[in-house]
Amino acid sequence: MTISIKTVKVMAIASFSAMMILAFSFGESAVTVGHAEIPGAPSRRTGAPGESNCTSCHSSNTQTGQANIIAPATYVPGQTYTIQIQNTTTDLSRTSWGFEMTSLTAANTAAGTYTHTTAFTQTKTGTVSGGTRNYATHTSSGVFPGQSGGSTWSFNWTAPATDVGPITHYLAVLHGDNGQDDTGDQTYLKTLVVNPAVAVVIHHGFSDFDADGKADPSVFRGSNGFWYINRSTAGFTAAQWGLSTDKLVPADFDGDDKTDIAVWREDVATVAGFYILQSSNNTMRIERFGQTGDDPTVVGDWDGDGKADPAVHRGPGGGPQAYFYFRGSLNNPSGDVTYRPWGVSGDRAMRGDFDGDGKMDPAVFRPSNGVWYILQSSNGAIRYENWGSASDKFVPADYDGDAKTDLAVYRSGVWYIKQSSNSQAVYISFGTATDAPVPADYDGDGKTDAAVYRNGIWYERLSGSGSLNIVNFGTSTDVAVAGAFVK
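Residues numbered from 1 in each chain as written. Predicted model: local features only at pLDDT ≥ 70, side-chain atom pairs only at ≥ 80, totals over all residues. Heavy atoms only, no water.

A. Broad picture of the overall build of the chain. Looking only at helices and strands, the chain has two helices and 33 strands in total. Taken across its 487 residues, the chain has 50% of its residues classed as buried. When contacts within the chain are restricted to residue pairs at least 6 apart in sequence, those whose partners lie at least 24 apart make up 51%. As presented, the chain carries roughly 20,600 Å² of accessible surface, and 51% of it is formed by carbon and sulfur atoms. (Helix = DSSP H or I, 4+ residues; strand = E, 2+ residues; numbered from the N terminus. Buried < 20%, exposed > 50% of the residue type's maximum accessible area, 1.4 Å probe, protein only. Contact = heavy atoms within 4.5 Å. Areas by Shrake-Rupley, 256 points an atom, 1.4 Å probe, with all protein chains shown as cover.)

B. Focus on the side chain of Thr89. Locating Thr89 in the fold gives a position in strand β3 (residues 80–89). Among the polar contacts listed, one links the side chain of Thr89 to the backbone oxygen of Thr64, at a separation of 3.5 Å. Every residue in contact with Thr89, bar those within four places of it in the chain, is listed here: Thr64, Gly65, Arg94, Trp97, Gly149 and Gly150. (Polar contact = N/O pair within 3.5 Å; in protein donor to acceptor, adjacent residues only side chain to side chain.)

C. Local environment of the side chain of Asp208. Among the structural elements, Asp208 can be located in the loop between β10 (186–196) and β11 (218–221). No salt bridge forms around the buried Asp208; measuring N to O, its nearest opposite-charge neighbour Arg231 is 8.7 Å away. There is a polar contact of 3.0 Å between the side chain of Asp208 and the backbone nitrogen of Ala211. Side-chain polar atoms of Asp208 contact the backbone nitrogen of Gly213, separated by 2.9 Å. Discounting chain neighbours no more than four positions away, the residues touching Asp208 are Gly213, Lys214, Asp216, Asp257, Lys258 and Thr259. (Lys, Arg positive; Asp, Glu negative; His and termini not counted. Salt bridge = Lys/Arg side-chain N within 4 Å of Asp/Glu carboxyl O.)

D. Region of the structure containing the sheet that holds strand β26 (residues 407–411). Read from one edge to the other, the open sheet built from four strands follows the order β25-β26-β27-β28, with strand pairing classed as antiparallel. Here the strands that pair on one side only, and so sit at the sheet edges, are β25 (393–394) and β28 (425–429). Across two bridges, β25 lies against β26 in antiparallel orientation. Across the sheet, Phe394 pairs through a bridge with Val409, a residue of β26. (Pairing = 2+ DSSP bridges.)

E. Quick peek at the sheet that holds strand β17 (residues 283–288). As summarised here, the arrangement of the four strands in space is β14-β15-β16-β17, forming an open sheet in which the pairing is antiparallel. Two strands close off the open sheet at either side, each with one partner strand: β14 (247–248) and β17. Bridging between strand β16 (residues 273–278) and β17 involves six bridges; their strand directions are antiparallel. By the bridge assignment for β17, Gln278 is matched with Thr283.

F. Structural detail: the packing of aromatic side chains. Summed over all chains, the structure comprises 29 aromatic pairs. Centroid distance Trp372 to Phe394: 5.8 Å. Interplanar angle 70°. Geometry classified as edge-to-face. On the criterion of sequence distance, the pair formed by Trp372 in strand β23 (residues 371–375) and Phe394 in strand β25 is long-range, its members being 22 residues apart. The buried category is assigned to Phe394, whose relative accessible area is 0%. Just above the ring of Tyr373 sits the side chain of Arg366; from NZ or CZ to the centre is 4.2 Å. Directly above the ring of Tyr416 sits Arg411, whose terminal nitrogen or CZ lies 4.7 Å from the centroid. (Phe/Tyr/Trp six-rings, centres within 6.5 Å; stacked < 30°, edge-to-face > 60°. Lys NZ or Arg CZ within 6 Å of the ring centre and 35° of its normal.)

G. Quick peek at unusual backbone geometry. Phi is positive for Ala403, close to 70°, though the residue is something other than glycine. Here Ala403 lies in the loop between β25 and β26. Even without a glycine there, the phi angle at Ser412 is positive, about 50°. Topologically, Ser412 is positioned in the loop between β26 and β27 (414–418).

H. Focus on the environment of Gly184. The topology assignment puts Gly184 in the loop between β9 (167–176) and β10. Between the C-alpha atom of Gly184 and that of Ser60, which follows or precedes it by 124 residues, the distance is 8.3 Å. Setting aside residues up to four positions removed in sequence, Gly184 forms contacts with Asn61, Arg94 and Asp177.

I. Seen up close, the nonpolar core. Ranked by size, the top nonpolar core spans 22 residues in total, and within it Ile85, Phe99, Met101, Phe155 and Trp157 carry the most contacts. Elements with a minimum of two residues in this core: β1 (65–70), β3, β4 (96–105), β8 (150–158), β9 and β10. Apart from residues lying up to four places away in sequence, Met101 is in contact with Thr46, Ile69, Ile83, Ile85, Tyr114, Asn134, Tyr135, Ala136, Phe155, His169, Tyr170 and Leu171. (Core = buried A, V, L, I, M, F, W, Y, C linked by side-chain atoms within 4.5 Å.)

J. Structural context of the pattern of salt bridges. Counted under the stated rule, the structure contains 13 salt bridges. In this structure, Arg327 engages Glu287 in a salt bridge whose closest nitrogen and oxygen atoms are separated by 2.6 Å. Of the two residues, Arg327 is situated in the loop between β19 (321–326) and β20 (338–344) and Glu287 in strand β17; the sequence distance between them amounts to 40 residues. Taken as a pair, Arg327 and Glu287 share a single burial class, namely buried. Overlapping salt bridges bring together Arg285, Glu287 and Arg327 as one network.

K. Up close: the pairing of β8. In terms of burial, β8 is a largely internal element, seven of the nine residues being buried. Judged from the nine bridges that link them, β3 and β8 form a sheet pairing that is antiparallel. What sits directly across from Asn87, in β8, is Ser151. With four bridges joining them, strand β5 (residues 113–116) and β8 adopt antiparallel strand pairing. Opposite Thr113, over in β8, you have Thr158 as the bridge partner.

L. Broad picture of the pairing of β23. Here β23 lies mainly inside the structure; five of its five residues are buried. Both faces of β23 are covered, namely the face carrying Val371, Tyr373 and Leu375 and the face carrying Trp372 and Ile374. With four bridges connecting them, strand β22 (residues 363–366) and β23 associate as antiparallel partners. For Val364, the partnering residue across the bridge sits in β23 and is Tyr373.

M. The confidence of the model for the chain, seen in detail. The share of residues in the chain with pLDDT of 70 or more is 89%, and the mean pLDDT across the chain is 87. Within the model, the stretch residues 1–37 combines pLDDT values under 50 with 82 contacts to residues more than four positions away or in other chains. (pLDDT = per-residue confidence, 0-100.)

Right, dumping it as structure tokens:
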């Protein structure tokens, strides 16, 4: 079989090893020359600990271009990210390209997996010091023979399912000259460290009216339409806003970390809407959204931009499927509405960020079987959790301070909480069967406190100290504004 020198060169670039043509070293699959099938770089050539790099076969030469890893600086466990390898050069003698990449933990074990999204990349595995590593590398077409100026490869990397600490991407890139030997090529070694994303703090945007990190006792008096607010730092304030028939939906709609007074007024479609008193500029904002029969208690930050979005849950209309609808404030100048089919007839909509990615997750409780159905926005995974019964009051919130909403119910004065941080059950006896639960973070420690409202008195069990705090604020006929979701 006759092999041209140029063909050998392209094969060498693609494999990072001219020796593969002669001996297929390190147990890599063979190159079928007649079909021009070049299997990509042999594994263990990224320059990672315990590995060689391109210069094990290609001579080291002065670099005239650049190679870079374009990837997120942080990762959320289980999330999939697009990674790009970009090459640029003004050296017109560079006319063939190759790469190999692996991702490792600080202990040099494989971190995550790769999937190829184009015909220019592929995935491989290799063993180093008894452990299997994953690799992304080019394909035959991904050598881009004859192409000058640079090249780009794109592929997906899925982070490990759990937080494994800092992860390092190791990359080796070859800028080839398509010459007659291995002496004119350039090797580039790059690394990029990505850290676990900082836990997203669930904002106190449902009852923190002065942005001091603490929930403020507040009540709504239907007889006169007034909100009375006992702000923990800024002091007492009151505002007339809404009717006795409105539903209370306070949240931080304008992103200033202060809760906005807001109500939802049901009516026919295009008339029903949210009436919001924005704290940032003290102006009224009306969002026509929803229709009679909808549940507006699911307002929250659905797109992760730090602002609450108008949202409703709508039961089946002549069919079995229920929906969550929201109007995102992130990059949505036309005010488009997003919908998520989730739940069936009879389900009760829940509100929370159950996976800690800073976005609300579609979630329902099914009274017929006592199961929560949660669609995690971070990875699209579905969670099934059996917790509570149909007669309970539902009080999901972040009780353990891990920035994830915990499953929780209130039953005859007892709080039943399933902590997301360790999946452990916690039972807190606090309150009576007739009390109104008003959970919120009253002491500003990042954890929701068990609390109840009884005849104009707030009883707060502070998680920071374990002490009882009692606040006289409101009357027996007022509606207490809960700082967390209550249903």
